[in-house]
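# Remarks on the overall topology
Chain residues, written in single-letter form:
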Amino acid sequence: MKQWRQDLPPTSVIITFHNEARSTLLRTVVSVLNRSPEHLIKEIILVDDFSDHPEDGEELSRIHKVRVIRNEKREGLMRSRVRGADAATANVLTFLDSHCECNADWLEPLLERVAEDPTRVVCPVIDVISMDTFQYIGASADLRGGFDWSLVFKWEYLSQAERQARQKDPTQAIRTPMIAGGLFVINKAYFEKLGKYDTQMDVWGGENLGIVIQFHVQKISFRVWQCGGSLEIIPCSRVGHVFRKRHPYSFPGGSGNVFARNTRRAAEVWMDDYKQFYYNAVPLARNIPYGNIQDRMELKRRLHCKPFSWYLKNVYPELVIPTSEGGPGGSLKQGTACLDSMGHLLDGNVGLYPCHNTGGNQEWGLTKDGLIKHHDLCLTLPVYAKGTTLLMQICDGSENQKWRHLEGGLIRHTRIPVCVDSRYHAQRGITAEKCDSNAETQRWHLYNHNH
Ligand code: UDP
Ligand code: MN
């Protein structure tokens with residue numbers, strides 16, 4: 001058993017809810033009380049975001065340590081959380097969704113990291129509570145939070161180097177470019193210094209962006225990193241969360257619009273000129289009014305937050321920047337034929353098919369660090385030998401995914417002299433063959449649809 005430091009700070013747990021099922025809400029509260037050392041829970045603040053039935057909250061307020069605040073109108077997740085934070089009396093804030101189950105020893109590892117360094121914003125590994133059976137299912141700890149240029153949060157596999165480091169010490173904190181949004185621990189003074197949440201964001205969405213660089217993609221994420229903090233997933237801490245397909249509440253203004261507005265605010269405040277890549281990925285966002293961002297820009301100046309280019313270089317170098325030399329949105333051509341995933345998925349091979357110039361299965365990019373990418377999958381040489389069929393595998397930056405596009409069109413593997421070759425595509429898919437600058441079947445032209 002690990003000995004925790006004696007001076008771990010107690011925390012205020014903040015849970016906002018709107019029309020949450022009584023059973024899941026109770027499960028959340030009870031798990032916090034049962035699975036945390038008594039002295040580390042200062043209080044549980046439930047913010048009832050104007051649910052239809054005020055009794056749900058009122059009844060829970062009879063439980064030891066539980067305080068309930070009810071909004072007079074629907075405020076949305078972010079304003080509700082800020083309200084809860086303002087009411088909190090502990091120096092450390094713990095935000096949870098209203099449908100969680102905290103697992104044994106979930107709290108101490110989180111509090112320890114924040115006690116050591118108040119600029120750390122830390123999350124547990126988020127396990128899955130089945131939406132259908134409410135069973136608790138462990139999730140992989142080899143994941144971190146990321147996003148693509150549409151700024152939608154996604155889980156990503158750790159790189160090979162990070163996975164190896166984790167094998168040596170599975171307790172190590174995992175630096176993450178983005179947090180999933182709902183579940184994290186933050187020093188209260190630091191939360192306030194960072195400007196809390198963007199309270200002009202409605203309902204939901206966009207809150208991870210800011211804090212990371214700021215807080216939900218989403219905002220907290222950008223904000224934290226860009227303004228001198230860091231975001232970590234702490235693998236010793238686990239909390240289950242009900243992931244669901246639909247939300248049990250409506251989005252005034254439509255969910256798409258609310259999400260786009262919040263995300264656009266994050267892009268405008270935190271992404272500098274890189275916001276153009278977001279607008280290229282989500283063209284409709286250009287027409288969504290995003291309100292006034294002056295106070296957010298002022299905050300960014302006041303805190304001397306770093307530019308988005310710094311974030312990309314130091315925190316999220318894996319995010320491929322679309323360039324005229326390729327990147328997502330391009331294709332690899334051989335005459336009138338194109339490299340094509342043939343609809344295959346992970347561990348599948350690839351083929352050659354007449355170009356249709358509409359992306360899809362023919363969307364390939366060649367990144368600066370030598371990956372041949374189709375969405376999250378990279379063209380991989382599974383064995384270092386000529387004649388090997390290339391496979392699509394999760395991009396993990398390992399050496400068997402590194403290629404060089406040579407003058408003349410050859411795509412050569414960086415380690416051994418084999419090149420991407422289509423001569424056997426009909427039988428075995430695209431293979432790696434001995435490089436031969438005279439072979440038409442090895443000549444590839446990278447074509448970018450945006451230019
Ligand atoms: N929530 C809220 N007000 C709203 C919408 C959501 O207080 O207007 C709460 C919701 O009850 C939950 C948390 O915010 O506790 C996060 O929302 P949700 O779980 O629906 O988001 P998801 O986990 O699906 O991203
Ligand atoms: Mn949730």
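Please read all numbers here as calculations on a predicted model, not as lab measurements. (Residues numbered from 1 in each chain as written. Chains lettered and ligands numbered in written order. Predicted model: local features only at pLDDT ≥ 70, side-chain atom pairs only at ≥ 80, totals over all residues. Heavy atoms only, no water.)

### Notes on the sheet that holds strand β15 (residues 351–354)
The criterion, for reference: Strand pairing follows a simple DSSP-based rule, namely that at least 2 bridges must link the two strands. Secondary structure counts use DSSP, requiring at least four H or I residues in a row for a helix and at least two E residues in a row for a strand, with both numbered from the N terminus. The convention used is that axes are lines fitted to C-alpha atoms, helices contributing only their stretch in contact, and that angles between N-to-C directions extend from 0 to 180 degrees.
Read across the sheet, 4 strands follow the order β15-β14-β13-β25 without closing on themselves; strand pairing throughout is antiparallel. The open sheet terminates on both sides in strands that have one partner only, identified here as β15 and β25 (445–448). On average, each strand axis in the sheet is inclined to that of its neighbour by 45 degrees, with strand direction left out of account. Judged from the 2 bridges that link them, strand β13 (residues 330–334) and strand β14 (residues 337–340) form a sheet pairing that is antiparallel. By the bridge assignment for β14, Lys333 is matched with Cys338.

### Quick word on the state of the cysteines
Where we set the bar: Cysteine sulfur atoms that come within 2.5 Å of each other are treated as a disulfide pair. When accessible area is computed with a 1.4 Å probe and restricted to protein chains, residues below 20% of their type maximum are described as buried, those above 50% as exposed, and intermediate ones as partly exposed.
Going through the model one piece at a time under the given rule, you end up with 4 disulfides. There is a disulfide in this structure between Cys419 and Cys435, and the S-S distance comes to 2.0 Å. Taking the torsion about the S-S bond as the criterion, the Cys419 to Cys435 disulfide, at about 100 degrees, is right-handed. In this pair, Cys419 sits in strand β23 (residues 418–421) while Cys435 sits in the loop between β24 (431–434) and β25, placing the two residues 16 residues apart along the sequence. For Cys435, a relative accessible area of 23% translates into the label partly exposed. By sequence-ordered numbering of the bonded cysteines, the protein chain has its disulfides arranged as 1-2, 3-4, 5-6, 7-8.

### Concerning the coordination of the manganese ion (ligand 2)
Selection rule: Donor atoms are limited to N, O and S found within 2.8 Å of the metal ion, a distance that becomes 3.2 Å for Na, K and Ca. With water left out, some sites might look partial.
Donor atoms from the polypeptide that bind the manganese ion (ligand 2) are Asp97 (OD), His99 (NE2) and His241 (NE2), placed at 2.0 to 2.2 Å. Summarising the burial analysis for this pair, Asp97 and His99 share the class buried.

### Description of the confidence of the model for the protein chain
Note: predicted coordinates in regions of low pLDDT should not be interpreted at a detailed level. Using the following cut-off: For every residue, the predictor reports its confidence as pLDDT, a number between 0 and 100. The contact rule is simple, with two residues in contact once any of their heavy atoms fall within 4.5 Å.
For the protein chain, mean pLDDT is 87; residues scoring 70 or higher make up 89% of the total. Across residues 202–217, confidence stays below pLDDT 50; counting only partners more than four residues off in sequence or on other chains, it has 151 contacts.

### Comments concerning unusual backbone geometry
The residue Phe134 is not glycine, and still its phi comes out positive at about 60 degrees. Examined against the element boundaries, Phe134 turns out to sit in the loop between β6 (120–129) and β7 (136–137). With relative accessibility at 38%, the residue Phe134 sits in the partly exposed group. Positive phi is not limited to glycine here, since Met342 has a value of about 55 degrees. Mapped onto the elements of the fold, Met342 is located in the loop between β14 and β15. The exposure class of Met342 is partly exposed, given its relative accessible area of 37%.

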